[in-house]
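# Descriptive structure summary
What follows is each chain in one-letter form.
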Amino acid sequence: MDSTELLRTLEKRIEYLEQKTELPKLMTPKQVCNFVGISESKFYEWKRDGDVPPAIYWSERTVRYDRDDVIAWAQEHKIGGAV
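Anyway, here's the lowdown on the structure attached to this text. Just so it is clear, the model here is predicted, and its values are computed rather than measured. (Residues numbered from 1 in each chain as written. Predicted model: local features only at pLDDT ≥ 70, side-chain atom pairs only at ≥ 80, totals over all residues. Heavy atoms only, no water.)

This part covers the pattern of salt bridges. Scanning the entire structure with this criterion turns up four salt bridges. Here Lys-25 and Asp-68 are joined by a salt bridge, their closest N and O atoms 3.1 Å apart. Taken together, the residues span a long stretch of sequence, with Lys-25 in the loop between helix 1 (3-22) and strand 1 (26-27) and Asp-68 in helix 4 (residues 67-76) at a distance of 43 residues. A salt bridge links Arg-67 to Asp-68; its shortest N-O distance comes to 3.5 Å. Relative accessible area serves as the criterion here: at 12%, Arg-67 is assigned to the buried category. Overall, the relative accessible area of 23% leaves Asp-68 in the partly exposed class. (Salt bridge = Lys/Arg side-chain N within 4 Å of Asp/Glu carboxyl O. Helix = DSSP H or I, 4+ residues; strand = E, 2+ residues; numbered from the N terminus. Buried < 20%, exposed > 50% of the residue type's maximum accessible area, 1.4 Å probe, protein only.)

Listed below in structure tokens is the structure:
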């Protein structure tokens, strides 16, 4: 691994750790939307299509998403981007 690759790997790891410290362990749908940068209506559209992180249901109206699942889900949806 050359120094450029090592630097990119370290930057990604730092970004991941910063996200973990800034986000609550269990996130509301609104917090997920804010993190991803989408509207709640878009999130619920994706949910109807089955394309959201796994949910934790405390009751019919109380839903939470595990921060680590949300981060992994967001990473899976990355496309392209500058290197």
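Having seen the structure, we can now continue with the description.
Quick look at the sheet that holds strand 1 now. If you walk across this open sheet you meet the three strands as 1-3-2, and the pairing is antiparallel. Two strands in the sheet have a free side with no partner beyond their single neighbour: strand 1 and strand 2 (55-57). Here strand 2 runs beside strand 3 (residues 63-66); their pairing, made up of three bridges, is antiparallel. Paired with Tyr-57 across the strands is Val-63, a residue of strand 3. (Pairing = 2+ DSSP bridges.)

A few words on the pairing of strand 3. Looking at chain direction, strand 1 and strand 3 are connected through two bridges and run antiparallel. Bridge pairing in strand 3 places Leu-26 opposite Asp-66. What sits between the antiparallel neighbours strand 2 and strand 3 is a turn of five residues.

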